[in-house]
Amino acid sequence: MDYSEAVKIYSQQLSETEFKRIQEFMLKQLGVKLNPIKIVMVNSRLIKRLKATGIYNFKEYLDYALSIQGKRDGELERMVDELTTHKTEFFREVEHFHFLRDIVLPEFVKGQNNLFQIWSAGCSTGEEAYTIAMLLNEFKLANPGFNYSIFASDVSNAVVVKAIRAIYSNRTVEEMDKRFLKRYFLVSRDNNEQKVRVVKELRDKVQFSVQNLVDNYPFQNNSLDVIFCRNTLIYFADSSKKKVVQKLTEKIKPGGYLFVGLSETISQYSTEIKQVSPSVYVKKQG
Ligand SMILES: C[S@@+](CC[C@H](N)C(=O)[O-])C[C@H]1O[C@@H](n2cnc3c(N)ncnc32)[C@H](O)[C@@H]1O
């Protein structure tokens, strides 16, 4: 790109009308609320897309990205990916995994249930789902009769593809318990690679899919033991949050659990759930 082209792209400014168009789209399609203050962030992130598509003007870019053609070409998805955060990590908010291991699983086996079913909703690149898989596998080793299914989904196809590939940089597992690292990851023999991959045995335990939380879910009511929906609803508008919390709750068995991110509170959105630990809710019986 020459100097004059660079100036042309980087000097583009989203107008209020264009920003409102994006706000409306994100709210309607994803439930996500973009506060007016986000205009600066949206501007700078979408400049990357102008550069990549060669459309050096926001109006024309939006006409394209939001069109049927833009959807077909995958540009709409790339735009959404720029505007959503996919930050995640293995064992993020570790107290939730301790709660799962120490309270939820022992309670489940005591209840003589058969298949433990858990859903990581808003799974990003898969670290949360694989952390759950490691814990459940450990639990199974100690309790051979225990069986489980893990579902994981995200609205972004790009992150789901990464999750299925399950290849991560060495940095992401630096803090991990070495026993887990040894048992559940393959380390690249090439020192320049700096990559690890989740072992097949664990990859096979997670069923990934693309799922928008504002749409219908492919689960029966009262069928799931646990849903993790952490650090996802935090970006939603209040009205969409309420609908999603109620829809998620419907899918959980009475006595089952809903986990949200540690900075989130959801008791105000449903009378069917009760908080039992920070950001952990149980679905009331009957
Ligand atoms: C910050 S990540 C959270 C990842 C993981 N749950 C964690 O706590 O580490 C939020 C994810 O929610 C996804 N997301 C945003 N809106 C969504 C929607 N309407 N339906 C499903 N996923 C959505 C984003 O694509 C992103 O990957």
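Predicted model only: the values in this text are computed from it and were never measured.

(A) Inspection of unusual backbone geometry at higher detail. The phi torsion at Phe91 lies on the positive side, around 55 degrees, for a residue other than glycine. Within the element layout of this structure, Phe91 appears in the loop between α6 (75-83) and α7 (94-110). The phi dihedral of Ser279 is positive, around 65 degrees, even though this residue is not glycine. Of note, Ser279 is situated in the loop between β9 (273-277) and β10 (280-283).

(B) Spotlight on the packing of helix α2 (residues 16-30) against α6. Where α2 meets α6, the axes come as close as 12 Å, and the angle between the chain directions of the two elements is 95 degrees. As far as their axial angle goes, α6 and α2 are roughly perpendicular. Across the interface between the two elements, Ile22, Phe25, Met26 and Leu30 of α2 pack against Leu76, Met79, Val80 and Leu83 of α6.

(C) Here's a closer look at helix α8 (residues 127-142). The end-to-end C-alpha separation of α8 is 23 Å, in line with the 22 Å expected for 16 residues at 1.5 Å each. Burial of α8 is extensive: 13 of the 16 residues sit out of reach of the surface.

(D) Geometry of the pattern of salt bridges. Across all of its chains, the model carries 14 salt bridges by this definition. For Arg21, the salt bridge goes to Asp63, with nearest N and O atoms at 3.0 Å. Linking Arg21 in helix α2 with Asp63 in helix α4 (residues 58-65), this pair joins segments that are 42 residues apart in sequence. Judged by its relative accessible area of 32%, Arg21 falls in the partly exposed class. Between Asp63 and Lys59 there is a salt bridge whose closest N-O contact spans 2.8 Å. Highlighted residues: Asp63 and Lys59, both in helix α4, separated by four residues, approximately one helical turn. Lys59 gets classed as partly exposed once you look at its relative accessible area, which sits at 45%. Each of Arg21, Lys59 and Asp63 takes part in a single network of salt bridges with overlapping partners.

The rules behind these values
- Residues numbered from 1 in each chain as written.
- Predicted model: local features only at pLDDT ≥ 70, side-chain atom pairs only at ≥ 80, totals over all residues.
- Heavy atoms only, no water.
- Helix = DSSP H or I, 4+ residues; strand = E, 2+ residues; numbered from the N terminus.
- Axes fitted to C-alpha atoms, helices over the stretch in contact; angles between N-to-C directions.
- Parallel < 35°, antiparallel > 145°, perpendicular 65-115°, else oblique.
- Contact = heavy atoms within 4.5 Å.
- Expected span 1.5 Å × (residues − 1).
- Buried < 20%, exposed > 50% of the residue type's maximum accessible area, 1.4 Å probe, protein only.
- Salt bridge = Lys/Arg side-chain N within 4 Å of Asp/Glu carboxyl O.

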